[in-house]
Amino acid sequence: METQQVLDADQLIRAYSLEMIEPPCTPGADEWTAKAHIEDDISGLLPYLNAEFRRARYYPDSSAIVFDYESKKCSFRPHEIAVAPFNDRNDAIAFIENLVNMVNAMWARRDEIEPSFEQREPPRTMDILKLLTKTNCKECGYLTCMAFANQLREGKEEVSKCTQLSEENREKLLRLLNMI
């Protein structure tokens, strides 16, 4: 592990050590998880992250939040930030550094953010599918509407990819996905 220092002492995260973890179930895997171990408790940040990342899964009882950021899964706990997947250590270092800077900037403007303590779970794939056309037209790039619905649920696709969606169902879908 190597320690990274953040220069501004007024920041929430001032220093952290970075650990690269190989997936335990796949020895020799090409993908890694990066963990930033933080000395200071960052629990107070979680409701602000929950407010800013509307598709986050916030677990106040266990002081954890999980969300996607720039195609990576991020999880925050009181003394740890874990992010995956990475294929390269230098990419992980740069990503964690950018994430820490983003979090510190958010913390600096926390007076402008209404913290959210709401626990949101992603909608069920079937609830998403009910709002789609179910024609399996493939215009979205997926073989079936079910496959597209699953990608929407995971936050890996945009509603706009469904070109046959009625305006009414588009709005319902965006609301269901916590995007409006």
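Scroll up to find the structure.
Reading the values: rules and limits
- Residues numbered from 1 in each chain as written.
- Predicted model: local features only at pLDDT ≥ 70, side-chain atom pairs only at ≥ 80, totals over all residues.
- Heavy atoms only, no water.
- Helix = DSSP H or I, 4+ residues; strand = E, 2+ residues; numbered from the N terminus.
- Buried < 20%, exposed > 50% of the residue type's maximum accessible area, 1.4 Å probe, protein only.
- Salt bridge = Lys/Arg side-chain N within 4 Å of Asp/Glu carboxyl O.

## Let's talk about unusual backbone geometry
Right, so step 1: With an omega dihedral of -5 degrees, the bond running from Ala 84 to Pro 85 counts as a cis peptide bond.
Right, so step 2: Within the secondary structure layout, Pro 85 lies in strand 7 (residues 80–86).
Right, so step 3: A positive phi angle, near 50 degrees, is found at Glu 70, a position not held by glycine.
Right, so step 4: The residue Glu 70 is located in the loop between strand 5 (64–69) and strand 6 (72–77) in this model.
Right, so step 5: Given the relative accessible area of 54%, Glu 70 is considered exposed.
Right, so step 6: A positive phi angle, near 60 degrees, is found at Lys 134, a position not held by glycine.
Right, so step 7: Following the sequence through the fold, Lys 134 ends up in the loop between helix 3 (125–131) and helix 4 (145–153).

## Focus on the pattern of salt bridges
Right, so step 1: Applying the stated criterion to the full structure yields twelve salt bridges.
Right, so step 2: Across the pair Glu 80 and Lys 35 runs a salt bridge, and its minimum N-O distance is 3.7 Å. Pair noted here: Glu 80 is in strand 7 and Lys 35 is in strand 3 (residues 32–38), with a separation of 45 residues, a long-range link.
Right, so step 3: Among the ionic pairs, Asp 68 bridges to Lys 73, the shortest N-O distance being 3.1 Å.
Right, so step 4: Residue class for Asp 68 comes out partly exposed when judged on its relative accessible area of 33%.
Right, so step 5: Classification of Lys 73 as partly exposed rests on a relative accessible area of 40%.
Right, so step 6: Through salt bridges with shared partners, a single network forms among Arg 124, Asp 127 and Lys 130.

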